Amino acid sequence: MKKDSKTQDPDKIESDQDWMKEALALAEQAGAQDEVPVGAVVIHQGRVIGRGLNQRERLQSPTAHAEVLAIEEAAKILGSWRLLGCVLYVTLEPCPMCLAAAQQARIEQIVYGTEDPKGGALSLGYRLNEDTRTNHRFQTRLHPTESCREILKTFFARKRSSSK
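Being a predicted model, the structure only gives us computed values, none of them experimental.

The rules behind the values
Residues numbered from 1 in each chain as written. Predicted model: local features only at pLDDT ≥ 70, side-chain atom pairs only at ≥ 80, totals over all residues. Heavy atoms only, no water. Helix = DSSP H or I, 4+ residues; strand = E, 2+ residues; numbered from the N terminus. Rg over C-alpha atoms; globule rule 2.2 N^0.38 Å. Contact = heavy atoms within 4.5 Å. Areas by Shrake-Rupley, 256 points an atom, 1.4 Å probe, with all protein chains shown as cover. Lys, Arg positive; Asp, Glu negative; His and termini not counted. Charge placed at Lys NZ, Arg CZ, Asp CG, Glu CD. Pairing = 2+ DSSP bridges. Axes fitted to C-alpha atoms, helices over the stretch in contact; angles between N-to-C directions. Buried < 20%, exposed > 50% of the residue type's maximum accessible area, 1.4 Å probe, protein only. Salt bridge = Lys/Arg side-chain N within 4 Å of Asp/Glu carboxyl O. Phe/Tyr/Trp six-rings, centres within 6.5 Å; stacked < 30°, edge-to-face > 60°. Expected span 1.5 Å × (residues − 1). Arc of directions from axis to C-beta.

Q: For this particular structure, what's the right way to read the overall build of the protein chain?
A: Of the regular secondary structure elements, the protein chain holds five helices and five strands. For the protein chain, the succession of helices and strands along the chain, N to C, is α-β-β-α-α-β-α-β-β-α. In summary, the protein chain has a C-alpha radius of gyration of 16 Å against a globular reference of 15 Å for 164 residues, a match within 12%. Sequence separation of at least 24 residues holds for 58% of the intrachain contacts in the protein chain that already meet a minimum separation of 6. Surface summary for the protein chain: the accessible area is close to 9,300 Å², and the carbon and sulfur share equals 50%. Charged side chains of the protein chain number 23 positive and 22 negative; the gap between the two group centres comes to 1 Å.

Q: Before we go on, may I ask you to explain the environment of N135 in this structure?
A: Among the secondary structure elements, N135 is positioned in the loop between β4 (109–112) and β5 (139–142). Each C-alpha atom of the pair N135 and E73 lies 23 Å from the other, and the pair is 62 residues apart in sequence. With near-sequence residues (within four places) excluded, N135 lies in contact with Q103 and R106.

Q: Whenever I open this one, the sheet that holds strand β2 (residues 47–53) confuses me. Can you help?
A: The pairing of strands in a sheet happens through backbone hydrogen bonds and is either parallel or antiparallel. Across the sheet, which stays open at both edges, the five strands sit in the order β2-β1-β3-β4-β5 with mixed pairing between neighbours. In the strand order of this sheet, the two ends are held by β2 and β5, each with one partner. Each neighbouring strand pair of the sheet contributes to a mean axis angle of 20°, computed without reference to strand direction.

Q: So what exactly am I meant to see when it comes to the environment of A27 here?
A: For A27, the position within the fold is in helix α1 (residues 16–32). Among the residues examined, A27 registers a relative accessible area of 0% and is labelled buried. Spatially, the C-alpha atoms of A27 and K159 are 16 Å apart, while their sequence positions differ by 132 residues. Filtering out sequence-adjacent residues up to four positions away, A27 remains in contact with P37, V38, G39, T91 and I151.

Q: Just checking my understanding: could you explain the pattern of salt bridges for this structure?
A: Side chains bearing opposite charge may pair, as long as their charged atoms lie close to each other. Counted according to the given criterion, the structure contains eight salt bridges. The shortest N-O distance in the salt bridge between K159 and D34 comes to 2.9 Å. Here K159 is found in helix α5 (residues 146–162), whereas its partner D34 is found in the loop between α1 and β1 (39–44), with 125 residues between them in sequence. Judged by its relative accessible area of 38%, D34 falls in the partly exposed class. Measuring nitrogen to oxygen at the nearest pair gives 3.1 Å for the salt bridge that ties E150 to R149. One network of salt bridges, with partners in common, ties together D34, R158 and K159.

Q: Help me understand the packing of aromatic side chains, please; the structure alone is not making it clear to me.
A: Remark: the centre distance and the inter-plane angle together describe each pair of aromatic rings, the angle taken between the planes. Tallied over the full model, the rule gives two aromatic pairs. Ring geometry for W19 versus Y89: centroids 4.9 Å apart, planes at 45°, classification tilted. Separated by 70 residues along the polypeptide, W19 in helix α1 and Y89 in strand β3 (residues 86–90) bring together distant segments of the chain. Accessibility expressed as a relative area gives 2% for Y89, which makes it buried. Judged by centre distance (5.1 Å) and plane angle (85°), the ring pair of F155 and F156 falls under edge-to-face.

Q: I'm lost on α5 in this one. Help?
A: Working note: α-helix, 3.6 residues per turn, so residues spaced by three or four point in the same direction. Its 17 residues place the ends of α5 24 Å apart at the C-alpha level, agreeing with the 24 Å of an ideal helix rising 1.5 Å per residue. Among the residues making up α5, those that are buried are C148, I151, L152 and F155. One face of α5 carries all of its buried residues, which in axial projection span an arc of 95°.

See below:
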């Protein structure tokens, strides 16, 4: 069956806003599973090749962050741990572990939807991605997205009210 030229391939997305919407949809899934609502997608040549949502509670794994899971899936798709030319979109600023995972995977750039002043690597001053002592450096960029901030704010407000 021939595809209508107006029908968008669901894995082929065209803008920061669209990619962040994909990551946000994954964050919503995480929140629905009572996980901290963070989602991530890895983009390569205009296609989503890795998706991840926080699964620390479900998997009982401290490393089951959205970014790590998206990076792992992307590496399987590409058949290489080197994610050259890939961009990671994530709804929340990466923690130090996730920033290091992106550095190890040779990610080209990270775009994040909201800052994390208490746990975000960049906010805390851990700028491994810019460290000239490392063999791979890459850019990070805040793409402020109110929905990314709101989903986290709502999730933690609900958690606080249910623990009373």
